[in-house]
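Structural overview
Listed here are the chains, written in short residue letters.
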Amino acid sequence: MRIKRALLSVSDKTGIVKLAQFLHDIGVEIISTGGTMKALQDAGIPVTYVSDVTGFPEIMDGRVKTLNPKIHGGILAVRSNPEHVKAMEEHGIKPIDLVVVNLYPFRETIAKPGVTEAEAIENIDIGGPAMVRAAAKNFRDVIIITNPARYSSLIAMLQQHGDADMKTRKTLAKEAFTHTSEYDAAISAYLTKQLAEGK
């Protein structure tokens, strides 16, 4: 089995328990944060808290939790690069083979009547897009999933082949970059509208 370690951190929790249960059953270590971690723990699925990986607590109301070399090094390391492997060994970084992330509900938040600018700003995800982009950049070594509709096909592929083929990895990376670009476009449009209204 190629996947040994996965990071799951999702706003939309549709299907995440089923995916996590499958990953656990095939021996994958699951790292998680916040609400996702609670949902998995409530379902009886063992989870490694991200702070136990980073050695650093979540701070600033959860604004800073995954922005850490132990996370991003594990995602970005090129497994075939001896220097990257050496750096991981020197700094105690373990590879992360699967990243399942979807982002704070910014568009859903600003669609609510009477939402304040402060509420909108708090729903701008930072760590999520960083992990998504890192995993998508390193798609040859890391599988990135941003859409819950992809969980079933991933499970089927892992059951049949034990891994995702390169075409699937590249397709998922493309979807991930589309996901983050559309997210940023929504934020830009919101701020543009705020400025136009003199807010």
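So, here is what we can say about the structure in this document. Residue positions within a chain follow its written sequence, with the count starting from 1. In view of the model being predicted, local features appear only for residues whose pLDDT reaches at least 70, and side-chain atom pairs are presented and counted only at 80 or more, with totals across whole chains, interfaces and linings using the full set of residues. Values shown for side chains rest on all heavy atoms present in the structure; no hydrogens or waters enter the calculation.

The next point concerns the sheet that holds strand S4 (residues 98–102). Two strands qualify as a pair provided DSSP detects at least 2 bridges between them. Counting from the N terminus, the helices are DSSP H or I runs at least four residues long and the strands are E runs at least two residues long. Sheet architecture is open: five strands sit in the order S3-S2-S1-S4-S5, paired in parallel fashion. Edge positions in the open sheet fall to strand S3 (48–49) and strand S5 (143–145), since each of these has one partner strand only.

All right, on to the pairing of S4 then. Here's how the labels work: a residue is buried when its accessible area is under 20% of the maximum for its type, exposed when over 50%, partly exposed in between, all with a 1.4 Å probe on protein chains only. Counting buried positions over the five residues of S4 gives five, a clear majority of the element. Side chains Leu98, Val100 and Asn102 project from S4 onto one buried face, and the interleaved Val99 and Val101 project onto a second face that is buried too. In terms of strand pairing, strand S1 (residues 5–10) meets S4 through five bridges, oriented parallel. Following the sheet pairing, Ala6 is matched in S4 by Leu98. As paired strands, S4 and S5 are joined by three bridges and run parallel to one another. What sits directly across from Leu98, in S5, is Ile143.

Bringing the pattern of salt bridges into the picture now. Side-chain pairs of opposite charge can arise where the charged atoms are in close proximity. Here, a salt bridge means any side-chain nitrogen of Lys or Arg that lies within 4 Å of a carboxyl oxygen of Asp or Glu. Tallying each qualifying case throughout the model produces eight salt bridges. One network of salt bridges, in which partners are shared, links Arg2, Asp141, Asp163 and Arg169.

This brings us to the side chain of Asp141. Position of Asp141 among the secondary structure elements: in the loop between helix H8 (127–137) and S5. Side-chain polar atoms of Asp141 contact the side chain of Arg2, separated by 3.4 Å. Here a polar contact is taken to be a pair of N or O atoms separated by no more than 3.5 Å, where protein atoms must pair a possible hydrogen donor with a possible acceptor and residues adjacent in sequence count only if both atoms sit in side chains.

Turning our eyes to something else, we now look at the packing of aromatic side chains. Pairs were defined over the aromatic rings of Phe, Tyr and Trp, the Trp ring being its six-membered one, requiring ring centres within 6.5 Å. Orientation was assigned from the angle between planes: stacked under 30 degrees, edge-to-face over 60, tilted for the rest. Overall, the coordinates contain two aromatic pairs when judged by the stated rule. Ring geometry for Phe106 versus Tyr183: centroids 6.4 Å apart, planes at 65 degrees, classification edge-to-face. Taken together, the positions of Phe106 in helix H6 (residues 106–110) and Tyr183 in helix H10 (residues 166–196) put the pair 77 residues apart, joining distant regions of the chain. Taken as a pair, Phe106 and Tyr183 share a single burial class, namely buried. Seen from their ring centres, Phe106 and Tyr190 are 5.6 Å apart, and the 85 degrees between their planes marks the pair as edge-to-face. Here Phe106, found in helix H6, pairs with Tyr190, found in helix H10; they are 84 residues apart in sequence, far enough to count as distant.

A word on the pairing of S1. The element S1 is largely enclosed, with a buried count of six among its six residues. Side-chain alternation along S1 places Arg5, Leu7 and Ser9 on one buried face and Ala6, Leu8 and Val10 on a second face that is also buried. In terms of strand pairing, S1 meets strand S2 (residues 29–32) through four bridges, oriented parallel. Directly across from Arg5, in S2, lies its bridge partner Glu29. With the strands aimed away from the viewer, a crossover counts as right-handed if its path from the first strand over the helix to the second runs clockwise. For the segment spanning S1, helix H1 (residues 16–25) and S2, crossover handedness is right-handed.

Here we take up the packing of H1 against helix H9 (residues 151–161). Following both chains from N to C, one finds H1 and H9 inclined at 15 degrees, their axes separated by 10 Å at the closest point. If you check the angle between H1 and H9, you find them roughly parallel. Regarding H1 and H9, the two cross each other, and that crossing is left-handed. In this structure, H1 uses Ile16, Leu19, Phe22 and Leu23 to contact H9, whose residues at the interface are Tyr151, Leu154, Ile155, Leu158 and Gln159. Taken together, the residues of the contact of H1 with H9 sort by class into eight nonpolar, one polar and no charged. Under this scheme, a helix contributes an axis fitted over its contacting stretch, all axes are lines through C-alpha atoms, and angles between N-to-C directions fall in the 0 to 180 degree range. Should an angle lie under 35 degrees it is considered roughly parallel, over 145 roughly antiparallel, and from 65 to 115 roughly perpendicular; all remaining angles are considered oblique. Handedness of each helix crossing follows the sense of rotation of the near helix against the far helix: counterclockwise by less than a right angle gives left-handed, clockwise gives right-handed. We call two residues in contact when some of their heavy atoms are within 4.5 Å. Residues are grouped as follows: nonpolar covers Ala, Val, Leu, Ile, Met, Phe, Trp, Tyr, Cys and Pro; charged covers Asp, Glu, Lys and Arg; every other residue, Gly included, is treated as polar.

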